[in-house]
Every structure is written in C-alpha cells, then in structure tokens.
Amino acid sequence: GQQLNQSPQSMFIQEGEDVSMNCTSSSIFNTWLWYKQEPGEGPVLLIALYKAGELTSNGRLTAQFGITRKDSFLNISASIPSDVGIYFCAGQRYGGSQGNLIFGKGTKLSVKP
Amino acid sequence: DAGVIQSPRHEVTEMGQEVTLRCKPISGHNSLFWYRQTMMRGLELLIYFNNNVPIDDSGMPEDRFSAKMPNASFSTLKIQPSEPRDSAVYFCASKGGDEQFFGPGTRLTVL
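This is a predicted model, so every value here is computed, not measured. (Residues numbered from 1 in each chain as written. Chains lettered and ligands numbered in written order. Predicted model: local features only at pLDDT ≥ 70, side-chain atom pairs only at ≥ 80, totals over all residues. Heavy atoms only, no water.)

**Overview of the environment of Pro 81 of chain A**
Residue and element names in this part refer to chain A. To keep things clear, this is the line we draw: Helix and strand definitions here come from DSSP, where helices need a minimum of 4 consecutive H or I residues and strands a minimum of 2 consecutive E residues; each element is numbered from the N-terminal end. When accessible area is computed with a 1.4 Å probe and restricted to protein chains, residues below 20% of their type maximum are described as buried, those above 50% as exposed, and intermediate ones as partly exposed.
Structurally, Pro 81 is set in the loop between strand E8 (71-76) and strand E9 (85-92). Overall, Pro 81 belongs to the partly exposed group, its relative accessible area being 36%. For the pair Pro 81 and Gln 14, spaced 67 residues apart in sequence, the C-alpha separation works out to 9.0 Å.

**Describing the pairing of strand E6 (residues 55-58) of chain A**
Residue and element names in this part refer to chain A. Rule in force here: Two strands pair if DSSP finds at least two bridges between them.
For E6 and strand E7 (residues 61-65), the ladder comprises four bridges, and the chain directions are antiparallel. Paired with Thr 56 across the strands is Ala 63, a residue of E7. Between E6 and E7, which follow one another and run antiparallel, lie two residues, and Gly 59 among them has a positive phi close to 65 degrees.

**Observations concerning the packing of aromatic side chains**
Rules: Pairing of aromatic rings covers Phe, Tyr and Trp, the last through its six-membered ring, and needs centres within 6.5 Å; plane angles under 30 degrees mean stacked, over 60 mean edge-to-face, and all others mean tilted.
Taken as a whole and judged by the stated rule, the model has ten aromatic pairs over all chains. With a centroid separation of 5.2 Å and an interplanar angle of 70 degrees, the aromatic rings of Phe 29 of chain A and Trp 32 of chain A are classed as edge-to-face. For the pair Phe 29 of chain A and Trp 32 of chain A, a shared accessibility class is recorded, and that class is buried. Taken together, a centroid distance of 5.2 Å and an interplanar angle of 40 degrees make the contact between Tyr 35 of chain B and Phe 102 of chain B tilted. Of this pair, Tyr 35 of chain B sits in strand E4 (residues 31-38) while Phe 102 of chain B sits in strand E10 (residues 100-102), and the two are 67 residues apart along the sequence. This pair shows no difference in class: Tyr 35 of chain B is buried, exactly as Phe 102 of chain B is. Put simply, the rings of Tyr 35, Phe 88 and Phe 103 of chain A together with Phe 33, Tyr 35, Tyr 48, Phe 91 and Phe 102 of chain B touch in pairs and so form one group of aromatic residues.

**Some points on unusual backbone geometry**
Backbone torsion omega between Ser 7 of chain A and Pro 8 of chain A reads -5 degrees, so that peptide bond is classified as cis. Inspection of the secondary structure assignment puts Pro 8 of chain A in the loop between strand E1 (4-7) and strand E2 (10-14). Following Gln 80 of chain B, the chain continues to Pro 81 of chain B via a peptide bond in cis, the omega torsion being -5 degrees. Mapped onto the elements, Pro 81 of chain B comes out in the loop between strand E8 (74-79) and strand E9 (88-95).

**With respect to the side chain of Ser 75 of chain B**
Residue and element names in this part refer to chain B. Defined as follows: Here, two residues are considered to be in contact whenever any of their heavy atoms come within 4.5 Å of each other.
You can see Ser 75 is positioned in strand E8. Here Ser 75 falls in the buried class, since its relative accessible area comes to 0%. Beyond its immediate sequence surroundings of up to four residues, Ser 75 is in contact with Leu 21, Arg 22, Cys 23, Leu 32, Trp 34, Phe 49, Lys 68 and Met 69.

**Overview of the interface of chain A and chain B**
We apply this condition: For any pair of parts, buried area is found by adding up, for both, the accessible area (1.4 Å probe) each one loses once the two are put together. The salt bridge definition used is simple: a Lys or Arg side-chain nitrogen within 4 Å of an Asp or Glu carboxyl oxygen. N or O atoms within 3.5 Å of each other form a polar contact, as long as, within protein, one can give a hydrogen and the other can take it, and as long as residues adjacent in sequence are counted only when both atoms are side-chain atoms. Just so you know the grouping, Ala, Val, Leu, Ile, Met, Phe, Trp, Tyr, Cys and Pro go in nonpolar, Asp, Glu, Lys and Arg go in charged, and all remaining residues, Gly too, go in polar.
Across the contact, 20 residues belong to chain A and 17 residues belong to chain B. Between chain A and chain B, the buried area comes to about 1,500 Å², and carbon and sulfur atoms account for 51% of it. When the area that chain A buries against chain B is broken down by residue, the three leading residues are Pro 43, Tyr 50 and Phe 103 of chain A, summing to 24%. Counting the contacts that link chain A with chain B gives zero salt bridges. Counting the contacts that link chain A with chain B gives five residue pairs in polar contact (both at pLDDT 80 or more). Listed by contribution, the elements that provide at least two residues to the side of chain A that touches chain B are strand E4 (31-37), strand E5 (44-49), E9 and strand E10 (101-103) of chain A. Per-element tally for the side of chain A that touches chain B: the top contributor is E4 of chain A, with three residues. Looking at the side of chain A that touches chain B, its residues break down into ten nonpolar, eight polar and two charged.

Here it is as structure tokens:
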C-alpha cells in the first residue's frame with residue numbers, strides 16, 4: 001500500500017530557530033496537506049497544496065508541493081513555544097477510495113524557550 | 001462554526017463490553033471518515049463514507065468493528081465486544097471540498 005515517509009521523527013530546537021520537515025512517497029499525490037496536533041486534540045489543518053511546484057505560506061509557515069508530486073516540505077520560521085506539537089503530512093489521491101488521506105507518522109516538535 | 005463534534009471525549013470500559021462512539025460532521029460536508037490513532041501505528045483510516053454510503057471499510061480491523069451513517073449529520077462507530085488492544089484515540093473527520101477537518105477525538109481505554 002501507499003506509504004508516506006516523514007522526517008525527522010522528532011526535533012528539539014531553541015526558540016527563534018527555523019524548522020524544516022518533509023514527506024516523501026513512492027506514489028504520486030494530487031493534494032498534500034499539513035496538519036498540527038496538540039495534546040488531547042485532533043489534527044488541525046495548517047496548509048493545503050493542490051499543484052505541483054506550489055509554494056504556500058500561512059504566517060510563519062511555508063509549505064511546498066514537490067515538482068515530482070511525490071514529496072512536500074514544511075518550514076516554520078522563527079519558532080516560538082506554542083509551535084510545540086506533532087506535525088503530520090498527508091497525501092490524497094483520487095480514484096479507488098476517493099478522497100481518503102494517507103498520513104505520515106508525524107514529526108514531534110519541541111521548542112525550548 | 002461548531003466543527004466536527006465527537007462524543008464521548010473519554011470512555012473507559014471493561015473487556016467484552018460494547019462501545020459506541022458518536023460523530024456529528026460539519027454541516028454541508030458530504031464525506032465522513034473514522035480514524036484510529038495509536039503510538040505504534042499512528043493515524044489509521046478505518047472507514048470512509050460519501051453521501052452517507054460506506055465507500056471503503058478495508059481499514060476496519062475486525063468484524064467486532066462496525067460503523068453506520070444513518071443520515072448526513074450523524075455517524076457511529078461501534079466495537080462489540082471490546083478488547084484491551086482497541087485502546088486508542090478515535091477521530092472522526094469530515095470533508096466538503098479537498099480539506100478534511102478533524103474532531104477532538106474520543107480516548108478509549110479498554111481494561
């Protein structure tokens with residue numbers, strides 16, 4: 001089945017540092033989504049990407065849809081303590097089980113004040 | 001906007017008991033998803049409905065699991081009988097366009 005490889009698994013950084021994480025797949029996706037999950041809550045959508053090569057920002061977050069459609073990255077600039085959480089990438093294909101997402105295993109981010 | 005609503009938020013039960021988890025999707029969304037999240041396996045899709053019809057239930061682990069969507073505003077996930085290995089956080093998500101929105105989850109503990 002399809003799998004997403006998300007890296008790194010965890011990051012421990014100092015407040016103010018930039019963060020970069022990425023996802024790769026052996027399959028092509030038509031949509032890439034990035035979610036953040038805080039303890040005791042469900043994943044919250046941060047950024048959605050729909051076209052190969054697309055670069056989208058949401059405040060200090062920037063994400064790109066890879067040209068090959070098999071990868072995506074998420075950057076967080078000037079991290080702050082409230083960025084702490086688990087970040088998930090998710091890819092979506094159409095056809096077969098239309099509309100379901102394949103999730104990466106997540107990147108756990110810790111920010112030291 | 002109420003978002004996706006799940007109940008209960010926490011459930012503790014004994015092995016062998018029936019468990020029913022409930023979900024109210026965002027109004028107007030026509031797709032609904034049930035996920036299970038564990039430390040070992042991360043987020044797993046259990047079943048997915050489109051316009052109240054189950055589309056893909058290949059992620060449902062066993063016959064002990066069943067899900068229904070009697071109308072566009074309500075879905076249930078039932079486990080009968082429950083086992084300790086079913087302990088996990090169960091999420092419901094709904095989708096109207098290309099973006100899925102998750103509920104807060106139900107943390108299930110089976111003793």
